Amino acid sequence: MNPKNKAYQRAYEAFRERLIKARTDAGMTQGEVNERMGKAHSFMSKCELGERRVDFVELQMLAKIYAKSLSFFVTEG
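So, how was this worked out
Numbering of residues begins from 1 in every chain and follows the order in which that chain's sequence is written. This being a predicted model, a pLDDT of at least 70 is required before a residue's local features are given, and a value of 80 or more before pairs of side-chain atoms are given or counted; all residues contribute to the totals for chains, interfaces and linings. Note: side-chain values were computed over all heavy atoms of the structure, leaving out hydrogens and water. Axis lines are fitted through C-alpha atoms, for helices just across the contact stretch, and the angle between N-to-C directions can take any value from 0 to 180 degrees. Per the convention used, a helix needs a DSSP run of H or I reaching at least four residues, while a strand needs a run of E reaching at least two, with both numbered from the N terminus. By convention the crossing between two helices is left-handed if the near helix lies anticlockwise of the far one by an angle smaller than a right angle, and right-handed if it lies clockwise. Residues count as neighbours in contact if any of their non-hydrogen atoms are within 4.5 Å of one another. As a working rule, the residues Ala, Val, Leu, Ile, Met, Phe, Trp, Tyr, Cys and Pro are called nonpolar, Asp, Glu, Lys and Arg charged, and the rest polar, with Gly in that last group. Residue burial is assigned from relative accessible area. The probe radius is 1.4 Å, only protein chains are included, and a residue is buried under 20% of its type maximum, exposed over 50%, and partly exposed in between.

A. Quick peek at the packing of helix α1 (residues 3-25) against helix α4 (residues 56-66). α4 packs onto α1 with a crossing angle of 35 degrees between their chain directions and a minimal axis gap of 9 Å. Considering the relative orientation of α1 and α4, their crossing is left-handed. In contact with F15, L19, A22 and R23 of α1, α4 contributes L59, L62 and Y66. Tallied by class, residues from the contact of α1 with α4 come to six nonpolar, no polar and one charged.

B. Geometry of the environment of E58. Along the chain, E58 falls in helix α4. Among the residues examined, E58 registers a relative accessible area of 5% and is labelled buried. As a C-alpha pair, E58 and M37 span 21 residues in sequence and 8.5 Å in three-dimensional space. Setting aside chain neighbours within four positions, we find E58 in contact with M37, K39, F43, R52 and R53.

Set out below in structure tokens:
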């Protein structure tokens, strides 16, 4: 595997961990987040599992829902 792909995978895994932490810090279920965002019932599950990527606009919405800054989701790599 290309070393750049490994670095990307590690960085995205760290992002997904922060995504989960932000939701749990906010005391919300995946279903509550889906409802607030007007998304399908499986949206957050797929995002947190890495089956679906989170785009920038969705991340802005999630940051607002979770009362987190965008920088919370950024990891140093």
